[in-house]
Every structure is written in structure tokens, then in C-alpha cells.
Amino acid sequence: MPRSRFTTEQIHLHLHTLLDENPNRTDDGPGYDQPPRILYRGKPGCLTGVILHRLGASEGVLRALDTELVDTQFTDVRHPWRNRLTPTAWLALDALHNWGPEEGSWALAHSSAFGPRPSYRGRRADRDRRPWLYSPAETPGLSRTTGTEPCCRAHPPRRPN
């Protein structure tokens, strides 16, 4: 029996859960001078690592992904666990990857990947940059007839005072 694939909507729901728990959460890891670590000191170290762990990726899978990312970009990862996500869900995870150790960076990642954007070039340009928002299979509430931008206004980006 084939396993079901995770969609962008499931990633977005996990991201909301994380931001509801702590809106100022940030990546754990060595800092800006080194790339983000999916697994850092035995625990998920960045936003993508935490989401993958919540989707069921084991510590071994996270370690393997972390090792592969030393030599390649996130979108070029070829680990078999990648097949558990739809291609557009993997692109959404790439957009959430590498936001840094500053407070509130996960909320900024959410806003960039799922929030409204002023579009100077129109909907088509946004569809090219964020295809996971425009796929009805990935976003169940999306209606092609409304003409509205499929964005999330929850968790606006903010820096702590």
C-alpha cells in the first residue's frame, strides 16, 4: 500500500502550530557564519528540520539530510524521504529554509512563503515564485474563480520589542 504524500497545506498547518507555541522562535544552530543545520545537537535545528520531524522524519533521516546539504542546495537534495512530500511542498520547505538565528525569523519565513505580497508584476509573477500557493491540490481552499490572492494573513512578521 503506497504511503500518502504530504502537501503544502500540511506544512503550513505545522508552521502555524509552531508559531502559535512561540511567535518569536528562531533557528538553533551555529549562526550566520555557517549554513543552517537540519539536525543540531541531536534535535531539529532549523524550521525545515522541525517541520520534517513533525511530519515523521526520524533523527537518522534528519542527519542524512543535514549531511547531504553540506554539498548541495536544498532543492537538489535526493534523499528518498523527499518522495514523501509533493514537489511543490518541497519547494515550500525550501522557501522556509535558512532564515537565520534572529528572533521572529520563523514568522518572517511564514510571511514570505505564505503571506500577502505587494505584486508589482501581477499574479503570474507570484505564481512563478510561489507555485505551492496556486495549486488546488496543495491548497484545498483555493478557488480559481474568486481571483483573490491565496495568502495567509495569520502571524504577521514582527520583531520583539
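For the structure, see preceding data.
Residues numbered from 1 in each chain as written. Predicted model: local features only at pLDDT ≥ 70, side-chain atom pairs only at ≥ 80, totals over all residues. Heavy atoms only, no water.

### Overview of the environment of Asn-98
Put simply, the rule reads: Numbering of helices and strands starts at the N terminus; helices are DSSP runs of H or I of at least 4 residues and strands are runs of E of at least 2. The buried label goes to any residue with under 20% of its type's maximum accessible area, the exposed label to any with over 50%, and the partly exposed label to all in between, with areas taken from a 1.4 Å probe on protein chains only.
If you trace the backbone, Asn-98 turns up in the loop between α4 (87-96) and α5 (105-114). The exposed category is assigned to Asn-98, whose relative accessible area is 52%. C-alpha of Asn-98 to C-alpha of Leu-47: the two residues are 51 residues apart in sequence and 8.1 Å apart in space.

### Overview of helix α2 (residues 47-54)
For the record, the criterion: When checking whether two residues touch, look at their non-hydrogen atoms; a contact exists if any pair is within 4.5 Å.
When you tally the buried positions in α2, you get six out of eight residues, the bulk of the element. Along α2, the positions that sit buried rather than exposed are Leu-47, Thr-48, Gly-49, Val-50, Ile-51 and Leu-52. Buried residues belonging to α2 abut α1 (8-21), β2 (43-44), α3 (59-68), α4 and α5. Immediately beyond the C-terminal end of α2, within one or two residues, lies Gly-56, with a positive phi of roughly 115 degrees.

### Focus: α5
Burial analysis of α5 places eight of its ten residues in the buried class, the great majority of the element. Buried within α5 we find Ser-105, Trp-106, Ala-107, Ala-109, His-110, Ser-111, Ala-113 and Phe-114. Check the buried side of α5 and you find it contacts α1, α2 and α4.

### Section: unusual backbone geometry
Unlike most non-glycine residues, Arg-41 shows phi in positive territory, near 55 degrees. Note that Arg-41 resides in the loop between β1 (39-40) and β2. Residue class for Arg-41 comes out exposed when judged on its relative accessible area of 73%.

### What to know about the pattern of salt bridges
As a reminder of what qualifies: Take a side-chain nitrogen of Lys or Arg and a carboxyl oxygen of Asp or Glu: if they are within 4 Å of each other, that pair is a salt bridge.
Taken as a whole and judged by the stated rule, the model has two salt bridges. Across the pair Glu-21 and Arg-54 runs a salt bridge whose closest N-O atoms are separated by 3.2 Å. A residue pair is termed long-range when its members are at least 10 positions apart, and Glu-21 in helix α1 and Arg-54 in helix α2 qualify at 33 residues. Exposure remark for Arg-54: the relative accessible area of 34% places this residue in the partly exposed category. One salt bridge connects Glu-59 with Arg-63, and the closest N-O pair in it is separated by 2.7 Å. Pair noted here: Glu-59 and Arg-63 are both in helix α3, with a separation of four residues, about one helical turn. A relative accessible area of 38% means that Glu-59 is categorised as partly exposed.

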